[in-house]
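The lines below spell out each chain.
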Amino acid sequence: MLDIRDISTVVKELRSRLNLSQEELAAKLGVSFATVNRWENERIVPRGKARAAIQKLIEESGLDESDSGEADTSASPIKKRRRSKSKDDVLSNRSMEQMLWSAACSIRGEKDAPKFKDYILPLVFIKRLSDVFEDEVQRLSETYGDTDTALSIIEADHGLVRFFIPPEARWPVVSRREQFNWPDDRKPKTLGEQLTITVRSIVKQNPSLSGVIDTVDYNETRNGEREISDTALSGVIETLTDPRYRLGLYDVEPDFLGRAYEYLLRKFAEGQGQSAGEFFTPTEVGWLMGYIVRPSQGEEVYDFACGSAGLLIKCELALQERELKVKRPLKLYGQELTGSSYAIARMNMVIHDMEGEIVRGNSMTNPKFRESDSGLRKFDIVVANPMWNQPFDTAVYDNDPYDRFEPRGGITTGKADWAWMQHTAASLKDHGRAAVVIDTGAVTRGSGSKSEDREKKIRKWFVDNDLVEGVILLPDNLFYNTTAAGIIIVFNKHKPPVRKGKIVLVNASQECKKGRPKNYIPDESIHRIADAFIQAKDIERFVKVITNEKAAEEDYNLSPSRYVDTAAKEIYRHIPEILLELKQVEQQAQSIDTELDAIFKKLKLE
């Protein structure tokens, strides 16, 4: 069975055995040369059809059979690959949700529903850390001969692993599948106390996790009663210990923790008839934004409303997909107001070894990334999905010390959509570009009105200064707590010459499939939308490229649906042509009737 954790060795041995170049193997598997190269350089692992094609080629080449016997060292200098059991695929959304719901049911009744996540997510993260640590120990045991030797070397040099998990904090001990010899003065009296010790032990060994997983006290007591009982905690741990829910390096998607948080927040908000209050960006929208901004190695990327840092992570992953080898990773910077989202963002960053910084605060009223007391720090790329139609007191705009609003079209009122666009523009370097998700109404409000509209005035400034590179209308019902479509507005402060003075409008409203409870954009549509935007050519019922002058003629209405009609056009035909066709149909009908009469007469005679 194909072991994706050792894919580099598998691919190299396949090429050696079959005497194929990377290009030839790519053609045989139906993938690109760059993909094969990234497999061999351990940048990505094969999934889905690609993985099935490799497995089939392994079987056809007899690689499995040869591995079971003596290695043929003359055939290849590459050492024999591991033959350990691996999962058929990453943990699916449905499985993840089932795991989280089962964990939540374990503490139902002991905590208010919105508080479930505060107790569950740190445990999920500890499980994730422990499973990743276990994967890395297994990898190093192949290098050093056995697990005990690998562990002793890791003890001496914690830098060999992403995060060093001390023995008492590893999941087999947490789940009580293994016993730990606790010193008498540290031996926990309750499971809650053990979990609190576990969290503190991990943070002590990994200071970067401070404030990330040590956010609750599992042994907290109020008025003589435990906040959460050992029975409830044991139920959560048993759920996470289920072999179906392994959370190692290749068992879950990159933004697994963010998606887990999103699910818990949405589920419990729905259960109480409340709005989740936050707009999380669907995974496919994040990929689309990453493809559109096309990050280059070493660039700085900023998200001023970063949530779980999913958009920042997608930018890095999009870079890894495009580049053969990433020597200079992106530097990722995010600011998030909500404490729980901030913690998840930091979890995601540290688990992916991604460079950058996540800070907490309100980017509108107190932006933390600054060059001085009166100037914002500039970035190569900005990606964001701020809360739509967010209200702010006009005093925030009138007394802005960072000069974000007045020089960029003026001060808005009420909804903050275009105030966030002004913040975006103020945060871009001279060659910077941005992709921001906002409400569809933000690109139309005020257009066609005879009265002065402040949002339209700001749109006019962005168009007249040639900052708007394009607008993408998304399908309906993608986002969890709204059925509204949403749009992606793309800025570029240094457009290439062929795109100067032009705006690319993509009506992607039909590029989705129905799902439960939400629609989704399939992979092929993600690439179709991104490619169409990058190529910037008119495509009937999909893409329209307009000039800034045309936008001005339309009173700065930037909605793709105004310029791109997705309905199939009616076909009109000349009446003589239709009459002729009807006459031919009548003649055919008479001929068939004659043949049928002859058949019936023959049947009666017989």
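Please read all numbers here as calculations on a predicted model, not as lab measurements.

S.K.: Explain the overall build of the protein to me, using residue names and the numbers behind them.
M.R.: Looking only at helices and strands, one finds 22 helices and 13 strands in the protein. Relative to all contacts within the protein whose residues are 6 or more apart in sequence, the contacts with residues 24 or more apart total 72%. By element, 47% of the accessible surface of the protein is carried by carbon and sulfur atoms, the whole surface being about 29200 Å².

S.K.: I'd like a rundown of the pattern of salt bridges, residues and numbers included.
M.R.: Evaluation of the coordinates by the stated rule reveals 30 salt bridges. The partner of Glu 134 in a salt bridge is Arg 246, with the nearest N and O atoms 3.0 Å apart. Remark: Arg 246 occurs in the loop between helix 11 (230–241) and helix 12 (256–271) and Glu 134 occurs in helix 7 (residues 116–144); sequence separation between them is 112 residues. For Glu 134, a relative accessible area of 41% translates into the label partly exposed. Of the residues examined, Arg 246 reaches a relative accessible area of 18% and is grouped as buried. Across the pair Arg 377 and Glu 300 runs a salt bridge whose closest N-O atoms are separated by 3.2 Å. Here the residue Arg 377 occupies a position in the loop between strand 7 (375–376) and strand 8 (379–384), and Glu 300 occupies one in strand 3 (residues 300–303), the gap between them amounting to 77 residues.

S.K.: Describe the packing of aromatic side chains, with residues and values.
M.R.: Scanning all chains against the criterion turns up 17 aromatic pairs. Seen in terms of ring centroids, Tyr 302 and Phe 369 are 5.8 Å apart; in terms of plane orientation they differ by 75°. Their pairing is edge-to-face. Residue Tyr 302 is located in strand 3, and its partner Phe 369 is located in the loop between strand 5 (355–360) and strand 6 (370–372); the two are separated by 67 residues in the primary sequence. The class for Phe 369 is buried, based on a relative accessible area of 6%. Through a chain of ring-to-ring contacts, the aromatic side chains of Tyr 302, Phe 304, Tyr 333, Phe 369, Phe 379, Phe 392 and Trp 420 assemble into a single cluster.

S.K.: Go over the sheet that holds strand 5, please, and point to the residues and values.
M.R.: Ordered in space as 5-4-3-8-9-11-10-12-13, the 9 strands form an open sheet in which the pairing is mixed. The sheet is open, and its two edges are formed by strand 5 and strand 13 (543–547), each paired on a single side. Strand-to-strand twist in this sheet, taken as the mean axis angle between neighbours without regard to direction, amounts to 15°. Bridge count between strand 10 (residues 468–473) and strand 11 (residues 487–492): 5 bridges; the pairing is antiparallel. Each residue of the ladder has a partner; that of Val 468, found in strand 11, is Phe 491. Helix-sheet contacts for helix 13 (residues 283–293) involve strand 8, strand 9 (428–438), strand 10 and strand 11, and the interaxial angle to strand 9 is about 160°. On the sheet, helix 19 (residues 523–535) packs against strand 10, strand 11, strand 12 (502–507) and strand 13 and is oriented at approximately 155° with respect to strand 10.

S.K.: Any details on the nonpolar core? Residues and values, ideally.
M.R.: As a rule of thumb, soluble globular proteins bury nonpolar side chains together. One finds Leu 100, Ile 120, Phe 125, Leu 209, Ile 213 and Phe 256 to be the most contacted residues of the largest nonpolar core, which totals 57 residues. Elements with a minimum of two residues in this core: helix 6 (93–107), helix 7, helix 8 (147–156), helix 9 (171–174), helix 10 (191–205), helix 11, helix 12 and helix 15 (339–351). Filtering out sequence-adjacent residues up to four positions away, Ile 213 remains in contact with Pro 122, Phe 125, Val 199, Ile 202, Val 203 and Met 347. By size, the runner-up hydrophobic cluster in this structure holds 47 residues, among which are Ala 318, Val 383, Leu 474 and Val 490.

S.K.: Give a description of the environment of Asp 439 that names residues and reports values.
M.R.: By secondary structure assignment, the location of Asp 439 is in the loop between strand 9 and helix 18 (454–464). Linking Asp 439 and Asn 385, residues 54 residues apart in sequence, is a C-alpha distance of 9.8 Å. Dropping the residues within four chain positions of it, Asp 439 is found in contact with Trp 388, Asn 389, Asp 417, Arg 445, Ala 484 and Ile 487. Side-chain polar atoms of Asp 439 contact the side chain of Asn 389, separated by 3.2 Å.

S.K.: Which residues make up helix 6, and what are the values?
M.R.: The first and last C-alpha atoms of helix 6 sit 22 Å apart over 15 residues, in line with the 21 Å expected at 1.5 Å per residue. All of the buried residues in helix 6 are Met 96, Met 99, Leu 100, Ala 103, Ala 104 and Ile 107. Along helix 6, the residues classed as buried sweep out an arc of 130° about the axis, all on the same side.

S.K.: Before we move on, can you summarise a nonpolar patch on the surface with the specific residues and values?
M.R.: Together, Ile 592, Leu 596, Ile 599, Phe 600 and Leu 603 line one region of the surface with nonpolar side chains, adding up to about 490 Å² of accessible area. Relative to the helices and strands, Leu 596 is located in helix 22 (residues 575–605). By relative accessible area, which is 38% here, Leu 596 ends up partly exposed.

S.K.: I'd like a description of unusual backbone geometry, backed by residues and values.
M.R.: The backbone of Asp 466 sits at a positive phi, close to 55°, despite the residue not being glycine. Positive phi outside glycine occurs at Ala 536, with the angle close to 55°. Along the polypeptide, Ala 536 turns up in the loop between helix 19 and strand 13.

S.K.: Give a detailed account of a negative patch on the surface, specifying residues and quantitative values.
M.R.: A contiguous patch of negative charge, built from Asp 393, Asp 398, Asp 403 and Glu 406, is present on the exposed surface. You can see Asp 393 is positioned in the loop between strand 8 and helix 16 (394–398). Judged by its relative accessible area of 52%, Asp 393 falls in the exposed class.

S.K.: Run through the environment of Asn 389, naming residues and quoting values.
M.R.: Along the chain, Asn 389 falls in the loop between strand 8 and helix 16. Of the residues examined, Asn 389 reaches a relative accessible area of 29% and is grouped as partly exposed. Distance from Asn 389 to Asp 417, taken between C-alpha atoms, is 5.8 Å for residues 28 residues apart in sequence. For Asn 389, the residues in contact, after removing those within four places along its chain, are Lys 415, Ala 416, Asp 417, Asp 439 and Arg 445. Here Arg 445 takes part through its side chain, which lies 3.4 Å from a polar atom of the side chain of Asn 389.

S.K.: How would you explain the confidence of the model for the protein if you had to name every residue and give the values?
M.R.: Per-residue confidence for the protein gives a mean pLDDT of 84; residues scoring 70 or more make up 87%. Counting interchain partners and residues more than four positions distant, the pLDDT-below-50 stretch residues 270–278 has 16 contacts.

S.K.: Report on the environment of Tyr 520, specifying residues and quantitative values.
M.R.: Relative to the helices and strands, Tyr 520 is located in the loop between strand 12 and helix 19. Owing to a relative accessible area of 36%, Tyr 520 belongs among the partly exposed residues under this scheme. As a C-alpha pair, Tyr 520 and Asp 476 span 44 residues in sequence and 9.3 Å in three-dimensional space. Residues contacting Tyr 520, with those up to four places away along its chain left out, are Glu 284, Leu 478, Cys 512, Lys 513, Lys 514 and Gly 515.

S.K.: Got a sec to walk through the side chain of Asn 548? Specific residues and values, please.
M.R.: Among the structural elements, Asn 548 can be located in helix 20 (residues 548–553). Among the polar contacts listed, one links the side chain of Asn 548 to the side chain of Asp 466, at a separation of 3.1 Å. Residues in contact with Asn 548, not counting those within four places in the same chain, are Val 463, Asp 466, Gly 501, Lys 502 and Ile 503.

S.K.: Describe the packing of helix 13 against helix 14 (residues 310–322), listing the residues and the values that go with them.
M.R.: Interaxial distance between helix 13 and helix 14 falls to 8 Å at its minimum, and their mutual angle equals 55°. With respect to each other, helix 13 and helix 14 are oriented oblique. The way helix 13 lies across helix 14 gives a crossing that is right-handed. Contact residues: helix 13 offers Thr 283, Gly 286, Trp 287, Met 289, Gly 290, Tyr 291 and Val 293, while helix 14 offers Leu 311, Lys 314, Cys 315, Leu 317, Ala 318 and Glu 321. Here the contact of helix 13 with helix 14 is built from residues that sort into 8 nonpolar, 3 polar and 2 charged.

Conventions used here
Residues numbered from 1 in each chain as written. Predicted model: local features only at pLDDT ≥ 70, side-chain atom pairs only at ≥ 80, totals over all residues. Heavy atoms only, no water. Helix = DSSP H or I, 4+ residues; strand = E, 2+ residues; numbered from the N terminus. Contact = heavy atoms within 4.5 Å. Areas by Shrake-Rupley, 256 points an atom, 1.4 Å probe, with all protein chains shown as cover. Salt bridge = Lys/Arg side-chain N within 4 Å of Asp/Glu carboxyl O. Buried < 20%, exposed > 50% of the residue type's maximum accessible area, 1.4 Å probe, protein only. Phe/Tyr/Trp six-rings, centres within 6.5 Å; stacked < 30°, edge-to-face > 60°. Pairing = 2+ DSSP bridges. Axes fitted to C-alpha atoms, helices over the stretch in contact; angles between N-to-C directions. Core = buried A, V, L, I, M, F, W, Y, C linked by side-chain atoms within 4.5 Å. Polar contact = N/O pair within 3.5 Å; in protein donor to acceptor, adjacent residues only side chain to side chain. Expected span 1.5 Å × (residues − 1). Arc of directions from axis to C-beta. Patch = residues over 30% accessible without salt bridge, like charges linked within 9 Å, V, L, I, M, F, W, Y side chains within 5 Å. Lys, Arg positive; Asp, Glu negative; His and termini not counted. Charge placed at Lys NZ, Arg CZ, Asp CG, Glu CD. pLDDT = per-residue confidence, 0-100. Parallel < 35°, antiparallel > 145°, perpendicular 65-115°, else oblique. Left-handed = near helix turned anticlockwise from the far one by under 90°. Nonpolar A, V, L, I, M, F, W, Y, C, P; charged D, E, K, R; others polar.

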